[in-house]
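Tertiary structure, described
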Amino acid sequence: MNRRVKIVVKGILVCLVFLAVVFVSDREVSANRISELEASIQAKEAEIDAAEKEKKELTAGLTNVEKVKKELEKSKANLTAYVQELDKTVTDIQTKIETLTGQIAEKEAEIERTKLELAEAEQDEADQYAAMQNRMQSLYEQGDTYYLELLSESGSFADFLNKLDYIEQLSQYDNNLLIEYQGVVEYVSLCKAKLEVEQEVLNETKAAAEAEQRAMEELIKEKEAEIFAFENDIAKKEEIIAAYEAEIAEQTSVIEALEAAVAADRADLWGERVYNGGMFCWPAPSYTRISDDYGYRNHPILNVQQFHTGVDMAAPGGTPILAAYDGAVVQAAYNSSMGNYVMIDHGSGLYTIYMHAQKLMVSAGDEVSRGEQIATVGTTGRSTGNHLHFSVRLNGSYVSPWGYISKP
Ligand SMILES: [Zn+2]
């Protein structure tokens with residue numbers, strides 16, 4: 001070999017060695033980076049599991065407190081109904097007392113009238129008695145001269161006897177009148193006594209009703225104190241519920257942050273993906289009935305406003321679930337609330353999630369295309385029947401799927 005050839009060969013060798021070194025070290029860096037990312041993903045997934053476990057425990061605690069609160073509310077409602085009944089009884093008693101008061105007043109007026117009648121009757125009796133006394137007195141005082149005068153004034157003895165008879169009749173009449181007046185006095189006194197007895201009975205009845213009213217009012221007071229105690233207890237339970245909910249929300253955000261970090265690690269692993277803005281396909285083909293839409297709804301059991309993070313599509317178990325768009329599966333796993341679920345990264349921070357599946361047909365790392373089957377419809381996790389819960393996440397938050405899908 002000549003010198004020039006030697007130099008060229010030497011140069012080529014140096015280059016090859018250099019390239020080999022660069023290539024090998026680059027491969028080593030890459031391999032290190034991959035195992036680093038994989039370890040990071042594994043660690044985060046363990047953290048997610050722990051956070052999910054804690055969240056589950058918190059949710060169980062919350063459910064217990066909600067149950068206790070519900071029971072307290074039921075007891076309070078029962079007591080309130082009882083107090084309402086008592087109030088009604090008191091109202092009835094008050095009406096009765098008013099009626100009795102009226103009747104007593106009437107009786108009093110009647111007694112007053114009877115008293116006047118009695119006074120009049122007594123006066124009549126006294127007057128009659130006095131008049132009789134007067135007549136007797138004058139007859140007595142006039143003595144025999146009266147009879148002599150009567151005899152001399154009479155035309156005949158028969159006439160005199162008639163006059164004597166007349167005097168006799170007159171005194172009999174007086175006497176009858178007195179007896180009659182005495183009878184009236186006796187009758188009116190009896191009436192008055194009877195009225196007084198009736199008034200006494202009314203007074204006693206009224207006093208009993210008033211005692212009953214006082215007892216009822218005492219009972220109502222007691223029950224109202226019990227209701228107040230229940231209200232306090234319920235308020236305390238509400239505080240505990242709020243604390244649980246805050247803890248659960250915190251756990252949820254921890255989980256979401258970790259999931260986002262895992263997704264970012266995966267994106268690093270598989271390279272940056274870009275979503276090109278195309279429309280998604282319907283993920284549960286030929287089943288278009290929406291059993292629960294995205295957005296706020298009233299929880300059917302807890303009766304609180306809750307945010308529904310996706311669209312529930314009712315479909316029979318085993319129905320194919322399709323990937324809504326091209327992407328990479330970042331998660332295909334089980335979770336106590338989502339059940340068997342798949343999360344697909346479509347790039348540019350856009351993800352789709354498919355929950356409650358019966359069977360998963362992909363695993364993390366798989367590339368999927370729009371319309372490819374990834375799972376089957378089921379009712380795993382927190383679900384009350386076969387359906388697909390379809391969620392869309394953009395930059396770490398749930399967004400309405402209706403911006404990406406439309407009913408076929
Ligand atoms: Zn749902």
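Residues numbered from 1 in each chain as written. Predicted model: local features only at pLDDT ≥ 70, side-chain atom pairs only at ≥ 80, totals over all residues.

**Observations regarding the sheet that holds strand S9 (residues 359–360)**
Taken together, the three strands give an open sheet; going across it, the order is S5-S11-S9, and neighbouring strands pair in antiparallel fashion. The sheet is open, and its two edges are formed by strand S5 (320–322) and S9, each paired on a single side. Judged from the three bridges that link them, S5 and strand S11 (residues 373–376) form a sheet pairing that is antiparallel. Looking at S11, one finds that Leu322 is bridged to Gln373. (Pairing = 2+ DSSP bridges. Helix = DSSP H or I, 4+ residues; strand = E, 2+ residues; numbered from the N terminus.)

**Overview of the domain arrangement of the protein chain**
Along its sequence, the protein chain is carved into domain 1 (1–271) and domain 2 (273–408). In this structure, domain 1 and domain 2 have C-alpha centres spaced 52 Å apart. Looking at the side of domain 1 that touches domain 2, the elements that each hand over two or more residues are helix H1 (3–153) and helix H2 (157–270). Taken together, the residues that form the side of domain 1 that touches domain 2 break down as five nonpolar, one polar and five charged. (Domains from an automatic or database assignment. Nonpolar A, V, L, I, M, F, W, Y, C, P; charged D, E, K, R; others polar.)

**Details of the environment of Tyr287**
For Tyr287, the location among the structural elements is in the loop between H2 and strand S1 (290–292). Separated by 37 residues in sequence, Tyr287 and Ala324 have C-alpha atoms that sit 14 Å apart.

**Quick notes on the confidence of the model for the protein chain**
Do not read the fine detail of predicted coordinates wherever pLDDT is low. Considering every residue of the protein chain, the mean pLDDT works out to 86; 91% of them sit at 70 or more. Within the model, the stretch residues 15–29 combines pLDDT values under 50 with zero contacts to residues more than four positions away or in other chains. (pLDDT = per-residue confidence, 0-100. Contact = placed C-beta atoms within 7 Å.)

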